[in-house]
Amino acid sequence: MPEGDTIARLAASVRERVAGATVESMIVRHPRLATVDLTGSTLTKTSSHGKHLFLHFDDGKALHIHLLMQGKVVFGRAREVEEWRRRFEIRFNTGETVVGIDIPLLHHVSSSSTDDFVGHLGTDLCGDLDLELATTKVGRDPGRHLSAALLDQRNVAGFGNIYAVDTPFICGVSPFTRVGDVDDVGALIAIGAALIRTNAVRGPQNTTGRRLHLTEHWMLNIKRRDCPLCGGDVKKMSGSQSPWQRRTAWCTTCQRDRNHTIDRERAAKLLSMHPARHLLDLRQAHPFIGDLGAVEINSR
Ligand SMILES: [Zn+2]
């Protein structure tokens, strides 16, 4: 599923490739956009918040796109994809074509009304992040499972399952830990934020720091049954089994239920190869030290 970093990267690449270009033709295969024709409009900018993407045009309107689990936005004609799945095709005067495939949520809205779609969401992990606010909101329901609280976009916008599974692993706590029991949830969010912001800029979604050009995770999608760190048993749960309806994985040895302390030494070790470490000083009470502007990805 596309997470906040994927969307921020997509917003940046659409901006880099077609900002300032004019729509030459448009084909729409989505009932909500049946009467929309952007021909003649110029794409002025893109923006994103969490998993929501907006393409803004010079007529004061924007396309609001949410990819949910299955959607994709690609460049090129995507002729290999069946026509009915290409929900929109926008051809620009520069020769570029932007195609939305299998996109379930699509709206044509006023550029000034984007808050109607994202105003209820938490602070944007890949944008103008307020870590203190994120920490307060994630912790506001102390009885909630940690992963469930991280995934709730109303608390903080952008984390998907990769970060909800791998950040607890990096910190040595269980995804099942109750948020109120975690002794420093702010440090955990800072570590997750450093990872997702770094991946949003450089991609792909890598949490290990090894083979950085590949999507590689510590726990989610792990094939082996033993923990890559301690050799203990890795347990997995499907989305239909987990209380928060998303699949999960954890090490029964180094993520015991009774571990309530964010293990900063462990986190430093596990991030020692990942460029996200440059945004963190795990010896500090507030470990996020990256200049947020240095990873400015979503405000141009
Ligand atoms: Zn382990």
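All residue numbers refer to positions counted from 1 along the written sequence of the respective chain. Only residues with pLDDT of at least 70 get local features here, since the model is predicted, and only at 80 or more are side-chain atom pairs given and counted; chain-wide, interface and lining totals rely on the full set of residues.

When helices and strands are counted, the chain shows seven helices and twelve strands. A globule of 300 residues ought to have a C-alpha radius of gyration of about 19 Å, and the chain, at 20 Å, matches this closely. Considered along the principal axes of its C-alpha atoms, the chain spans approximately 60 × 35 × 35 Å. Here contacts are defined at the residue level, using C-beta atoms placed from the backbone and a cut-off of 7 Å between them. For the chain, the proportion of contacts with a sequence separation of at least 24, taken over those separated by at least 6, is 66%. Each helix is a run of H or I in the DSSP string that is no shorter than four residues. Each strand is a run of E no shorter than two, and both are numbered from the N terminus. Radius of gyration means the value over C-alpha atoms here, while the globule rule gives 2.2 Å times the residue count to the 0.38 power.

Frequently, the measure chosen for interface size is the accessible area removed from exposure when the parts meet. For every domain, the bounds stem from an assignment made automatically or drawn from a database. Taken domain by domain, the chain holds domain 1 (4-118) and domain 2 (123-295). Here domain 1 and domain 2 have C-alpha centroids that lie 30 Å from each other. At the junction of the two partners, domain 1 supplies seven residues and domain 2 supplies 13 residues. The dominant element in the side of domain 1 that touches domain 2, judged by the number of residues it contributes, is helix α1 (residues 4-18), at four residues. Residues are grouped as follows: Ala, Val, Leu, Ile, Met, Phe, Trp, Tyr, Cys and Pro are nonpolar; Asp, Glu, Lys and Arg are charged; all remaining types, including Gly, are polar. Broken down by class, the residue content of the side of domain 1 that touches domain 2 amounts to one nonpolar, three polar and three charged.

Next up on the list: the sheet that holds strand β5 (residues 72-75). Across the sheet, which stays open at both edges, the four strands sit in the order β1-β6-β7-β5 with antiparallel pairing between neighbours. The sheet is open, and its two edges are formed by β1 (23-28) and β5, each paired on a single side. Taken pair by pair, the neighbouring strands of this sheet meet at an average axis angle of 15°, ignoring direction. Two elements, β5 and strand β7 (residues 97-101), share four bridges in a ladder whose sense is antiparallel. Counterpart to Val74 in the pairing with β7 is Val99. Here, a strand pair is defined by DSSP locating no fewer than two bridges between the strands. Note on geometry: axes are C-alpha line fits, over the in-contact stretch for helices, and angles between N-to-C directions span 0 to 180 degrees.

Reading across the sheet, the four strands line up as β2-β3-β4-β8 and stay open at both edges, with antiparallel pairing between neighbours. Two strands close off the open sheet at either side, each with one partner strand: β2 (43-49) and β8 (105-110). Neighbour-to-neighbour, the strand axes of this sheet turn through a mean angle of 20°, independent of strand direction. In this sheet, β8 lies alongside strand β4 (residues 61-66) in antiparallel orientation, the contact comprising six bridges. Across the sheet, Lys61 pairs through a bridge with Ser110, a residue of β8. Strands in contact with α1 are β2 and β3 (52-57); relative to β2, the strand with the most contacts, it is inclined by about 175°.

Bringing helix α6 (residues 185-202) into the picture now. Here α6 is 18 residues long and its end C-alpha atoms lie 26 Å apart, about the 26 Å a rise of 1.5 Å per residue gives. Taken across its 18 residues, α6 has 16 buried, putting it largely inside the fold. Phi turns positive, to about 55°, at Gly203, one or two residues after α6. The span one expects for a helix is its residue count, reduced by one, times 1.5 Å. Exposed residues have 12 or fewer other C-beta atoms within 10 Å of their own C-beta, buried residues have 20 or more, and residues in between are partly exposed; the C-beta atoms are placed from the backbone.

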